[in-house]
Amino acid sequence: MSGLNFPKAASIIEVGPRDGLQNEPQMLPTDQKIQLIERLVAAGAREIEVTSFTHPRWIPNLADAEDVVRATAHLDFTSWALVPNRRGLERAIAAGTNGVTLVMSVTDEHNQANLNRPSDESLSELLNLHAEAIEAGLQVRVSLSVVFGCPFAGIVGPEKVHRIVDRFAQAGAKRIGMCDTIGIALPDQVYDLSAALVARHPDICFELHLHDTRGMALANTVAGLQAGISSFDAAIGGLGGCPYAPGATGNCASEDLNALLTGMHIETGIDQAKLMHAASLLAAWRSSPLESAAWRVAIANETNKNTDKIA
């Protein structure tokens with residue numbers, strides 16, 4: 001490892017309460033969402049995307065957005081909420097969230113399916129909302145969907161990404177996330193785009209939001225680290241998926257990502273055992289097993305212990 005260019009520390013932005021839960025077949029009750037966030041904060045998570053201020057008709061699992069934000073406001077963490085439009089920003093400000101994630105897609109096809117408008121229309125609105133959110137005292141980050149591949153348009157050329165990033169950079173954006181929404185990216189693609197963006201905009205903190213559809217999320221994380229990225233979204237339990245992205249499955253699991261980073265001696269500030277305690281809440285509620293490798297290993301170890309006791 002001595003010749004590789006890895007950071008000494010990396011940030012994990014926990015998106016499980018939002019992206020992890022939005023596409024689940026059943027709704028996690030509000031009190032358990034709050035308990036999940038409490039456990040994540042106790043594990044050391046300092047940035048958590050707790051909900052999305054989208055219309056409840058489109059994302060019914062997050063219809064309790066205001067309640068979740070207000071009930072967790074006393075905890076020591078940055079509370080992020082995903083915001084797709086002006087109404088969402090107004091609701092986020094009224095609820096008292098610390099920060100907003102402004103979201104759009106880099107292809108018209110996915111943006112139309114997800115936000116019911118072409119990309120340039122979302123871009124114009126989000127540039128205005130970015131300024132308004134800063135004026136309101138909120139932290140702001142931008143999240144660009146389907147940067148490596150779109151379920152409707154196919155492979156996405158880097159020029160589409162650069163064009164939109166340039167516009168946000170001109171508007172003063174400080175944090176921009178690159179989302180592999182359907183988990184189609186390969187490490188060389190992640191490295192090439194990430195390295196180009198870091199070189200082109202050295203003052204911006206670029207982040208990666210990786211889905212594990214093809215089991216490549218951790219490999220793509222290493223590629224991102226090598227390219228100069230040190231901030232990553234992840235979802236507890238490996239849950240997640242987009243209702244407007246056919247084929248999208250779960251996010252990179254927080255417990256897998258934390259195990260990878262700490263195993264590589266990259267500091268995260270997150271306690272793995274306490275993170276697994278947070279995952280256990282979801283495991284007890286969910287009708288199907290959690291997606292993370294760390295959880296499967298934990299279950300296998302527990303099974304082996306019990307078998308040894310019986311023997």
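Quick look at the structure, then. Residue numbers restart at each chain and count upward from 1, following the sequence in its written direction. Local features are withheld for residues below a pLDDT of 70 in this predicted model, meaning they are given only at 70 or higher, and side-chain atom pairs are given and counted only at 80 or more; totals for whole chains, interfaces and linings count all residues. To obtain the side-chain values, all non-hydrogen atoms of the structure were used and water was disregarded.

**Looking at the overall build of the chain**
Here comes step 1: The numbering of helices and of strands both runs from the N terminus, where a helix is a DSSP run of H or I of at least 4 residues and a strand a run of E of at least 2. Summing up its helical and strand segments, the chain has 12 helices and 10 strands in all.
Here comes step 2: Expected size for 311 residues packed as a compact globule is a radius of gyration near 19 Å; at 19 Å, the chain falls within 12% of this value.
Here comes step 3: Structurally, the chain occupies a C-alpha span of about 65 × 50 × 35 Å along its principal axes.
Here comes step 4: Between buried and exposed lies partly exposed: a residue is buried under 20% and exposed over 50% of the maximum accessible area for its type, with that area taken using a 1.4 Å probe on protein chains only. Among the 311 residues that make up the chain, the fraction classed as buried is 54%.
Here comes step 5: Throughout, a contact is declared for two residues whenever any of their heavy atoms are within 4.5 Å. In the chain, the proportion of contacts linking residues at least 24 apart, taken out of those at least 6 apart, comes to 74%.
Here comes step 6: If you sum the accessible surface of the chain, you get close to 13000 Å²; carbon and sulfur atoms cover 52% of it.
Here comes step 7: By the counting scheme adopted, Arg and Lys are positive, Glu and Asp are negative, and His together with the chain ends is not counted. Where a charge lies is defined by one atom per residue type: Lys uses NZ, Arg uses CZ, Asp uses CG and Glu uses CD. A gap of 2 Å separates the mean positions of the 24 positive and 35 negative side-chain charges of the chain. All radius of gyration figures rest on C-alpha atoms, and the globule criterion is 2.2 Å times the number of residues raised to 0.38. All accessible-area figures derive from a Shrake-Rupley calculation using a 1.4 Å probe, and residue coverage is judged against the displayed protein chains alone.

**What to know about the pairing of strand β8 (residues 175–180)**
Here comes step 1: Burial of β8 is extensive: 6 of the 6 residues sit out of reach of the surface.
Here comes step 2: Burial of β8 is two-sided: the residues R175, G177 and C179 facing one way and the residues I176, M178 and D180 facing the other way are all buried.
Here comes step 3: DSSP calls a pair of strands paired once it identifies at least 2 bridges connecting them. In terms of strand pairing, strand β5 (residues 139–145) meets β8 through 3 bridges, oriented parallel. In the sheet register, S143 faces β8, and the bridge partner there is G177.
Here comes step 4: Looking at chain direction, β8 and strand β9 (residues 205–210) are connected through 6 bridges and run parallel. By the bridge assignment, G177 is partnered in β9 with E207.
Here comes step 5: The β-α-β motif built from β8, the intervening helix α8 (residues 187–200) and the parallel element β9 has right-handed crossover chirality. Assignment of crossover handedness uses the view with strands pointing away from the viewer, where a clockwise path from the first strand over the helix to the second indicates a right-handed crossover.

**Remarks on the packing of aromatic side chains**
Here comes step 1: Planes of paired rings set the category: under 30 degrees apart is stacked, over 60 is edge-to-face and the rest tilted, where pairs are Phe, Tyr or Trp rings (Trp by its six-membered ring) whose centres lie within 6.5 Å. Under the defined criterion, the tally for this structure stands at 0 aromatic pairs.
Here comes step 2: A ring is considered to have a charge above it if a Lys NZ or an Arg CZ atom is located within 6 Å of its centre and within 35 degrees of its normal. Between the NZ or CZ atom of R57 and the centre of the ring of W58, over which it lies, the distance is 5.0 Å.
Here comes step 3: The ring of W80 has R141 sitting right over it, with the charged end atom 5.5 Å from the ring centre.

**Some thoughts on the environment of C150**
Here comes step 1: Mapped onto the elements, C150 comes out in strand β6 (residues 149–150).
Here comes step 2: Between the C-alpha atom of C150 and that of A294, which follows or precedes it by 144 residues, the distance is 29 Å.
Here comes step 3: If near-sequence neighbours (up to four positions away) are discounted, C150 is found in contact with T107, H110, V156 and I182.

**Comments concerning the packing of helix α2 (residues 30–43) against helix α11 (residues 272–285)**
Here comes step 1: Here α2 crosses α11 at 160°, and the two axes come no closer than 7 Å. As far as their axial angle goes, α11 and α2 are roughly antiparallel. Between α2 and α11 lies a crossing of left-handed hand. Listed contacts from α11 to Q32, Q35, L36, R39, L40, A42 and A43 of α2 are K274, L275, H277, A278, S280, L281, L282 and W285.
Here comes step 2: Lys, Arg, Asp and Glu make up the charged group, whereas Ala, Val, Leu, Ile, Met, Phe, Trp, Tyr, Cys and Pro make up the nonpolar group; the residues left over, Gly among them, are polar. Split by residue class, the contact of α2 with α11 holds 9 nonpolar, 4 polar and 2 charged. Note on geometry: axes are lines fitted to C-alpha atoms, helical ones only across the stretch in contact, with angles between N-to-C directions running from 0 to 180 degrees. Each angle gets one of four labels, with under 35 degrees taken as roughly parallel, over 145 as roughly antiparallel, 65 to 115 as roughly perpendicular, and the rest as oblique. Left-handed describes a crossing whose near helix is turned anticlockwise from the far helix by less than a right angle; the clockwise case is right-handed.

**Overview of the pairing of strand β4 (residues 99–105)**
Here comes step 1: Counting buried residues in β4 gives 7 out of 7 residues, a clear majority hidden from the surface.
Here comes step 2: A two-sided burial pattern is seen for β4, the buried positions comprising G99, T101, V103 and S105 on one face and V100, L102 and M104 on the other.
Here comes step 3: Looking at chain direction, strand β3 (residues 78–83) and β4 are connected through 4 bridges and run parallel. Its bridge partner lying in β4, A81 is registered against V100.
Here comes step 4: In the classification by handedness, the crossover that spans β3, the intervening helix α4 (residues 86–95) and the parallel β4 is right-handed.
Here comes step 5: Note that β4 and β5 share 7 bridges and pair parallel. Looking at β5, one finds that T101 is bridged to R141.

**A short note on the packing of helix α9 (residues 217–227) against helix α10 (residues 254–263)**
Two numbers describe a pair of packed helices, the interaxial angle and the distance between the axes.
Here comes step 1: Contact pair α9 / α10: the axes reach a minimum separation of 11 Å and the direction vectors enclose 45°. Comparing the axis directions of α9 and α10 gives the class oblique. Where α9 crosses over α10, the two elements pack in a sense that is right-handed. Along the contact surface, α9 presents L218, T221, V222 and L225, while α10 presents D256, L257, L260 and L261.
Here comes step 2: The residue inventory of the contact of α9 with α10, partitioned by class, reads 6 nonpolar, 1 polar and 1 charged.

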